[in-house]
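Take a look at the letters that make up each chain.
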Amino acid sequence: SAKEALNAANWQMDFTMQRVMMRVLENGYMLLHAQEVLEGAIVSLKEAKRLYEATEDLVKAGFKSQTDLYTSESALLQMEMEYF
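In what follows, the accompanying structure is described.

The rules we used
Residues numbered from 1 in each chain as written. Predicted model: local features only at pLDDT ≥ 70, side-chain atom pairs only at ≥ 80, totals over all residues. Heavy atoms only, no water. Salt bridge = Lys/Arg side-chain N within 4 Å of Asp/Glu carboxyl O. Helix = DSSP H or I, 4+ residues; strand = E, 2+ residues; numbered from the N terminus. Buried < 20%, exposed > 50% of the residue type's maximum accessible area, 1.4 Å probe, protein only. Expected span 1.5 Å × (residues − 1). Contact = heavy atoms within 4.5 Å. Core = buried A, V, L, I, M, F, W, Y, C linked by side-chain atoms within 4.5 Å.

## A closer look at the pattern of salt bridges
Then step 1. Under the definition given, this model contains one salt bridge.
Then step 2. Ionic pairing is found between arginine 50 and glutamate 47, a salt bridge with its closest N-O pair at 2.6 Å. On the criterion of helical spacing, the pair formed by arginine 50 and glutamate 47 is a turn pair, its members being three residues apart in helix H1 (residues 2–61).
Then step 3. When its relative accessible area of 41% is taken as the criterion, glutamate 47 is described as partly exposed.

Structure follows, in structure tokens:
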């Protein structure tokens, strides 16, 4: 019975180690996912800034209306509020 108890304890330890390793892997993949989401958000924010600047230039040149500028600025500010 001592041998079986030792075998059961060994199995329990293996199971516990497997659970710990799974949690480490899950957290690692969650971190990678979060980094990718952040990088995507940064790219989107940069593109929104470029769009706003381009719209601003087009308004100054008379090719777009002031309403388009307000819409672009609103989208940019909304993104900045969400990311910061």
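## Regarding H1
Then step 1. A rise of 1.5 Å per residue sets the reference length of H1, with its 60 residues, at 88 Å; its end C-alpha atoms lie 88 Å apart and thus fit the reference within 8%.
Then step 2. Restricting attention to buried positions, one finds in H1 the residues Ala41, Leu45, Ala48, Tyr52, Thr55 and Val59.
Then step 3. Looking at the packing, one finds that the buried side of H1 touches helix H2 (66–83).
Then step 4. Glycine 62 sits one or two residues past H1 and shows a positive phi near 90°.

## A closer look at the environment of methionine 79
Then step 1. Relative to the elements of secondary structure, methionine 79 occurs in helix H2.
Then step 2. For methionine 79, a relative accessible area of 24% translates into the label partly exposed.
Then step 3. Each C-alpha atom of the pair methionine 79 and alanine 48 lies 8.2 Å from the other, and the pair is 31 residues apart in sequence.
Then step 4. In contact with methionine 79, other than residues within four places in its own chain, are Ser44, Leu45 and Ala48.

## Let's talk about the nonpolar core
Then step 1. Residues Leu45, Ala48, Tyr52, Val59, Leu69 and Leu76 constitute the largest nonpolar core, which totals six residues.
Then step 2. Elements with a contribution of two residues or more to this core: H1 and H2.
Then step 3. With four residues, H1 is the single largest residue contributor to this core.
Then step 4. Ignoring sequence-local partners within four residues, the contact set of tyrosine 52 consists of Leu69, Ser72, Glu73 and Leu76.

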